[in-house]
Amino acid sequence: MPAVDKLLLEEALQDSPQTRSLLSVFEEDAGTLTEYTNQLLQAMQRVYGAQNEMCLATQQLSKQLLAYEKQNFALGKGDEEVISTLHYFSKVVDELNILHSELAKQLADTMVLPIIQFREKDLTEVSTLKDLFGLASNEHDLSMAKYSRLPKRRENEKLKTEVVKEVANARRKQHLSSLQYYCALNALQYRKRIAMMEPMLGYAQGQINFFKKGAEMFSKRMDSFLSPVSNMVQSIQGELDAEADAMRVSQQDLLSINESVYTPDSDVTSPAINRNLIQKAGYLNLRNKTGLVTTTWDRLYFFTQGGNLMCQPRGAVAGGLIQDLDNCSVMAVDCEDRRYCLQITTPTGKSGITLQAESKKEYEEWICAINNISRQIYLTDNPEAVAIKLNQTALQAVTPITSFGKKHESLCPSQNVKNMEMESDKIIPKELSTKPNCTELIAPGTPIQFDMVLPATEFLDQNRGGRRTNPFGESEDKNDEEDSLLQQMFVVRFLGSMAVQSDDTNEVIYEAMRQVLAARAIHNIFRTTESHLMVTTKSLRLIDPQTQVTRTTFELASVTQFAAHQDNKRLIGFVVRVTESLGEESMSANIFESNTEGEKICYAISLGKEIIEAQKDPEALAQLMMSMPLTNDGKFKLLNDQSEDGAIPEERGEESEA
């Protein structure tokens, strides 16, 4: 006999949408079998009760046997032999139709009784287990919803213990009921075949024994047919017994697992976290707004597919796209006093979906997986190796390494400002010096600030009485901006800032980038502050995107170094040299992530410095303005086309002129 489709008992605990979808196919098959069994039983009872209408009843039975092929079972694999056997029985019934008389006792014992036992025992058992499984599943969902609503800030250990215990009991109850239900459905596939053929086997044998006149007519032909049918039934029964024993052993093994699999967040202190994931799947709570101030949380099954985050409700055949993860960012958020919440932000800076994980391990693995996918690692030939390499590189923050490499000589925006000379309106770099040691650039153990940029509200509170602002976010710098020949805005996110010991080379920026990114990876710092970076001929201003209030300002003359990362084009950094109150000078490197290429920001800074130099000579300024494209109000704008000599590509939607 061909192999029988089965539900895997090992997947009962996970209860994934794929398992639920396969379970619905088995349930559909059981429902179809129930309907067909009732019809078949009615036909057999008609044969049993209709002594005077035996010919009509046997004709109906013959037709019903042929109808098995047309039932279109959802799990019809392996029924070909059953169908062919029933076809043959249908012919026998037609031939025996003229010989039938009283068969009350024999038909009751050999034909009607087995099918009644199959319906009352097996099909009723499946229906009862289905109801119990549904109740256990609903109870588990209610307990998980109660667990998800546990407060994060004011934890009640007694309440938490009760809820966790309730979740474990509900999950254990659902696991046990699902295992019993799956075993019954698997066994039904074997019993179905026996129940379809065993009554007919008894019917045919009863007919031969009962009718003496038909013994000579059918004995030789039927014996050669009934013998393999009997062997086939015994073979299926043997397979059923072996499968029942195997499922019983498997069920015992699955129920003897550690209790921690039922308890959410069992290892909260030191979970084993895999930070190299490029795909992830599991249940998360999705936050949905139902009104102006009301929200709901739905527990759904999420999985990644390439660069997409997919969502699949329970029972659905396939998942749907919910978020494109390419170039997105993910951060931990505090949301409605819930634990383990994370938010995905689009490349344009717009807040995306908010999710809640079940445990700390799932929470951190989802953040790491989304971060890896947003870098488009999955497009490489060996994404697992690339992810491992990137994370290993991030963990080497303590050991000094070489810088990210030399930039291409044709990239003029990232350059050493101190080592440049203006000669014949061309920028000619001086001869490069020997690469300095990492400890010469940044002192070992230098602290890193991850939140140097203050929120707009804090900035206003700290500067009241000093710098004048108004409710519309305008400031005294407004007139200065209008007089500036260059105004270019970029969307950036602050990553970190640290003190440096030298600003003679771009290597100090590359080393600062390495240490900031490594420290963020080690300490699981994913939250960033988004700002608008305004580049003018006088300063670099960080502006709050919501209130348009200036967060901080760097004088353009104090920017001594600026460069973009060679591999990650969106990383940009610059060194600022300022004079302290006691007359001492200090230098700090500021690292940002931009929504566009960092070279464009470097180009804008370089252009601003070039304009400052040109303003000292009116003729040089006029010549520069004639050689550069201008806006309608006479201000410089960036080049639109990318040329072979390293010109900056056209501005995208994230950048706009102020």
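Residues numbered from 1 in each chain as written. Predicted model: local features only at pLDDT ≥ 70, side-chain atom pairs only at ≥ 80, totals over all residues. Heavy atoms only, no water.

### Some remarks on unusual backbone geometry
- One non-glycine residue, Tyr-340, adopts positive backbone phi at about 55°.
- Looking at where Tyr-340 falls in the secondary structure, it is placed in the loop between strand S5 (329–332) and strand S6 (341–345).
- Positive phi outside glycine occurs at Gln-548, with the angle close to 60°.
- Here Gln-548 shows up in the loop between strand S13 (539–543) and strand S14 (550–555).
- The class of Gln-548 is partly exposed, set by a relative accessible area of 35%. (Helix = DSSP H or I, 4+ residues; strand = E, 2+ residues; numbered from the N terminus. Buried < 20%, exposed > 50% of the residue type's maximum accessible area, 1.4 Å probe, protein only.)

### Comments concerning the nonpolar core
- Counting 66 residues, the largest nonpolar core has Leu-61 and Met-196 as its most contacted members.
- Residue assignment for this core shows that the elements contributing at least two residues are helix H1 (17–49), helix H2 (54–66), helix H3 (80–96), helix H4 (104–148), helix H5 (157–210) and helix H6 (212–255).
- For this core, the leading source of residues is H5, giving 18 residues.
- Sequence-distant contacts of Met-196, defined by excluding residues within four places in its chain, comprise Leu-33, Tyr-36, Thr-37, Leu-40, Tyr-68, Val-82, Leu-86 and Ile-115.
- By size, the runner-up hydrophobic cluster in this structure holds 25 residues, among which are Phe-490, Val-535, Phe-574 and Ile-611. (Core = buried A, V, L, I, M, F, W, Y, C linked by side-chain atoms within 4.5 Å. Contact = heavy atoms within 4.5 Å.)

### Focus on the packing of aromatic side chains
- All chains considered together, the criterion is met by eleven aromatic pairs.
- A network of ring pairs unites the aromatic residues Phe-494, Phe-554, Phe-574 and Phe-592 as a single cluster.
- Above the ring of Tyr-262, the side-chain terminus of Arg-172 is found at 5.3 Å from the ring centroid.
- Over the face of the ring belonging to Tyr-283 we find Arg-299, whose NZ or CZ atom lies 4.4 Å from the ring centre. (Phe/Tyr/Trp six-rings, centres within 6.5 Å; stacked < 30°, edge-to-face > 60°. Lys NZ or Arg CZ within 6 Å of the ring centre and 35° of its normal.)

### Description of the sheet that holds S6
- Reading across from one edge, S4-S3-S2-S1-S7-S6-S5 is the order of the seven strands in this open sheet, with antiparallel pairing throughout. Strands at the two margins of the open sheet, each flanked by one partner only, are strand S4 (320–324) and S5. Averaged over neighbouring strand pairs, the angle between their axes works out to 40° when direction is ignored.
- Where strand S1 (residues 281–289) lies against strand S2 (residues 295–305), nine bridges are found, and the strand directions are antiparallel. The partner of Leu-284 across the bridge, within S2, is Leu-300.
- Taken strand by strand, helix H7 (residues 360–374) contacts S1, S2, strand S3 (308–312), S5 and S6, and its axis lies near 10° from that of S6. (Pairing = 2+ DSSP bridges. Axes fitted to C-alpha atoms, helices over the stretch in contact; angles between N-to-C directions.)

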